[in-house]
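# Examining the three-dimensional arrangement
The primary structure of each chain is shown beneath.
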Amino acid sequence: MTFYILRRLILMMVTLLLIITATFFLVHSLPGTPLKNEEKLPPEIRDQILHEYGLDQPLYVQYFRFMGGLFKADLGKSLMYDGRDISQMLKERFFASAFIGFQGILIGLIIGGGLGILSALYQGRWIDNFATSTSVLGVSIPSFVLAGLLSFWVGVKWGILPPALWGSYAHTIMPSLSLSVAVIAQFSRYVRTELVEVLNQDYIKTARAKGLSKAAVIWRHGLRNALIPAVTVLGPLTVNILTGSLVVEKIFGVPGMGALFVDSIINNDYTAVLGTTIFYSLLIMISVLLIDILYGWIDPRIRVAGRRGE
Amino acid sequence: MTPLLTVNNLHVSFHSYQGEIQAVRGIHFAVKPGETLAIVGESGCGKSVTAQTIMRLLPSTAKIVQGEIRYEQQDLTQLTEVKMESIRGSQIAMIFQDPMTSLNPTMTIGQQLMEGLRKHLHLNKRLAKKRAEELLSLVGISNPHLRLKQYPHQLSGGMRQRVMIAIALAGDPKLLIADEPTTALDVTIQAQIMELLKSIQEKMGMALLLITHDLGIVAEVADRVMVMYAGKIVEHGTVDELFQHTKHPYTWGLLRSLPQLKQSREESLVAIPGSPPDLLHPPKACPYVNRCLQAMVICDQTPPELTACSSTHQVACWLEHPMASKEHENRAGGDE
Ligand SMILES: Nc1ncnc2c1ncn2[C@@H]1O[C@H](COP(=O)(O)OP(=O)(O)O)[C@@H](O)[C@H]1O
Ligand SMILES: [Mg+2]
């Protein structure tokens, strides 16, 4: 197991290196420069600023400098926010994103899981049909459309929740809800399919033949086996939340990583784009690794096989 | 001796898009305490449905159309689900055909074994564990302490079927229903499992309702046999009666499809030609008429009633009618 994790970590490093390199050259090939009002600046001031940030150097020199900084855990300084430390900014903004993200996933898993279980247990009844239509809607409506609608109706028209900005807990609800819809839609379908399949297995009949109550059979024998494969969709769902958050944060004015990422691309803030990319890549890779480990931990077939393989 | 279980005029149907599938069409039988009753018949004749009906484990598309299942003083068809749960596992237990899929892959053997113990015997964890080890030893599994902590995939097919038997025994049932318990196993293992079932039955004094299509097993372990065809009982009697005084042409067909010791290699097994009727539209008359070599005119017109030829032997065939020609009795001698 330790060997397996080590191998995965090394692989992650290589992947990250490739991502950083690709992103580095891609952002630098974007049209425009990080400077605002470039035309109005006197050439000598312009050169001085570029020199200060090392942007006058040849690209490969900049690349090696940046990579050198990375090994010292230095992500460089932001170009649009007056030379602030990227690492510092990420730290400040991480909390907001993480909060609405986790809350979104949590809402999604609870509601989606619940709907999925109910539709599996009451196949073809109204609750099943309701869940099916909800998830079709949820999958087909992009989260930013929903975010816009929520912000307008719940926030502006009815005034139930603050339409945007950040400050109190109430501000986190609508962003999380907008993010959770896609999770609800996908996870409920997934749980339904898995649970229906599991409940048709022979071992469910064995459990019933022991005289266990229906509830005990579903809970102990059904759900656990249905949820094991469902763990694998947590990875894609996390990615889903992350990409959704880019736009949703922008719409609700959440001071998070997503908003920073979008702004930094628009402003050609090379270092900020790279910083957020590194951060997102790490986040995704680590969550996928954790999910794989979790999967092996819940499923004894994998767990034991892994141990024996050592 | 009063029977432990009595099934009276049981009809079970499935609802499908094409209509009503009449899987079981009016069967009667009784199981006495401690005896072994075998149900034989080709695949699809309603053996498993009968077993599942007794356990009340039918899928939701199935319905008990009529009939009663008497167990001790109660009619199982009328019991509430909660009442039924207290009977399953503790009064009547069941083991299934495929041990590879009948155990939960994500729970240890111990967990699966202790569930029944805790539910029916109300044992605490420590006692349940002790009893679980005893049960594993009883079904011939060595190292029970270690096995309790293992998962099904770490056990062979034969071992898993032993575990299934141990699970079924957990509630100390009076009747064990075994639905083709050896069909999915290796031939060498089959005999071991049957021997085990037999010895445990004697030790615990329980009745066994054994479903199989293997007449060899029937001859070895059963006291009485019931032959089913297209959802009905066609012949019913003691093992001796069925093997030595075979009455129904279908039973004959089954016996002739058995491999024989003196059979030479070139002689292939004689499977009964043709196939059973469609249970969506079951025939009004004798269901076997299309495949029967001795069919008479009446066989295609009026269904034969199950009639007694001795106090223990019954058969549903027009050939048993006093007016039928007795020519077939000679054929029963075995020479072609
Ligand atoms: N789930 C089901 N849905 C519809 N029909 C079924 C179902 N299970 C069994 N049947 C019907 O019931 C008949 C008897 O099945 P079964 O008792 O399983 O046969 P066997 O004697 O091989 O155990 C079959 O011919 C089949 O048509
Ligand atoms: Mg069957």
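Residues numbered from 1 in each chain as written. Chains lettered and ligands numbered in written order. Predicted model: local features only at pLDDT ≥ 70, side-chain atom pairs only at ≥ 80, totals over all residues. Heavy atoms only, no water.

Looking at an unreviewed UniProt entry, one finds chain B named Oligopeptide transport system ATP-binding protein, with Seinonella peptonophila as its source organism. Under the UniProt heading Sequence similarities (unreviewed entry), the note attached to chain B is "Belongs to the ABC transporter superfamily." (UniProt positions renumbered as here; feature names shortened; annotations may be inferred.)

As annotated in an unreviewed UniProt entry, chain A carries the name Oligopeptide transport system permease protein and comes from Seinonella peptonophila. The UniProt entry for chain A carries this comment under Subcellular location (unreviewed entry): "Cell membrane". Among the UniProt annotations of chain A, the heading Sequence similarities (unreviewed entry) holds the following wording: "Belongs to the binding-protein-dependent transport system permease family."

The number of helices and strands found in chain B is 11 helices and 12 strands. Taken over the C-alpha atoms alone, chain B extends approximately 70 × 50 × 45 Å along its principal axes. Considering only intrachain contacts with a sequence separation of at least 6, the fraction spanning at least 24 residues in chain B is 64%. For chain B, the computed accessible surface area is about 15,800 Å², with 52% contributed by carbon and sulfur atoms. One way to put it: in chain B the 32 positive side-chain charges average out to a point 9 Å from where the 34 negative ones average out. (Helix = DSSP H or I, 4+ residues; strand = E, 2+ residues; numbered from the N terminus. Contact = heavy atoms within 4.5 Å. Areas by Shrake-Rupley, 256 points an atom, 1.4 Å probe, with all protein chains shown as cover. Lys, Arg positive; Asp, Glu negative; His and termini not counted. Charge placed at Lys NZ, Arg CZ, Asp CG, Glu CD.)

Turning to the sheet that holds strand E4 (residues 62-71) of chain B, a few remarks are in order. All names here are of chain B. Read across the sheet, four strands follow the order E2-E1-E4-E5 without closing on themselves; strand pairing throughout is antiparallel. Two strands bound the open sheet, and with one partner strand each, they are strand E2 (19-31) and strand E5 (74-75). Bridging between strand E1 (residues 5-16) and E4 involves eight bridges; their strand directions are antiparallel. In the sheet register, Val 12 faces E4, and the bridge partner there is Ile 64. The sheet contacts of helix H1 (residues 47-55) involve E1, E2 and E4, and relative to E2 the element is tilted by about 70 degrees. (Pairing = 2+ DSSP bridges. Axes fitted to C-alpha atoms, helices over the stretch in contact; angles between N-to-C directions.)

The positions UniProt marks with the feature "domain: ABC transmembrane type-1" (unreviewed entry) are residues 94-295 of chain A. End C-alpha to end C-alpha, residues 94-295 of chain A measures 27 Å, and it is 84% helix and 0% strand.

Take the interface of chain A and chain B next. Note on interface size: it is often stated as the accessible area lost on association of the parts. Chain A puts 21 residues into the contact, and the matching count from chain B is 27 residues. Both sides of the chain A and chain B interface together cover about 2,100 Å² of buried area, and 55% of this is carbon and sulfur. By the criterion of area lost to chain B, the three top residues of chain A are A:Lys205, A:Ala209 and A:Lys210, representing 27% of everything that side buries. Here chain A is connected to chain B by three salt bridges. Here B:Glu115 ties to A:Arg220 by a salt bridge, and the two come within 3.0 Å at their closest N and O atoms. Applying the counting criterion to the chain A and chain B interface returns 14 residue pairs in polar contact (both at pLDDT 80 or more). Going through the elements one at a time, helix H8 (202-209), helix H9 (214-231) and helix H13 (300-309) of chain A are the ones with two or more residues in the side of chain A that touches chain B. (Buried area = accessible area lost by both parts, 1.4 Å probe. Salt bridge = Lys/Arg side-chain N within 4 Å of Asp/Glu carboxyl O. Polar contact = N/O pair within 3.5 Å; in protein donor to acceptor, adjacent residues only side chain to side chain.)

Turning our eyes to something else, we now look at a positive patch on the surface. Residues and elements named next belong to chain B. A surface patch of like charges, here positive, comprises Arg 118, Lys 125, Lys 129 and Lys 149. You can see Lys 125 is positioned in helix H4 (residues 125-138). The exposure class of Lys 125 is exposed, given its relative accessible area of 54%. (Patch = residues over 30% accessible without salt bridge, like charges linked within 9 Å, V, L, I, M, F, W, Y side chains within 5 Å. Buried < 20%, exposed > 50% of the residue type's maximum accessible area, 1.4 Å probe, protein only.)

Residues and elements named next belong to chain B. Examined against the element boundaries, Leu 4 turns out to sit in the segment before E1. Overall, Leu 4 belongs to the buried group, its relative accessible area being 8%. Considering only alpha carbons, one finds Leu 4 and Leu 121, 117 residues apart in sequence, at a separation of 21 Å. Apart from the residues lying within four places of it in its own chain, the contact partners of Leu 4 are Val 31, Lys 32, Pro 33, Arg 70, Tyr 71, Glu 72, Lys 174, Leu 175 and Ala 207.

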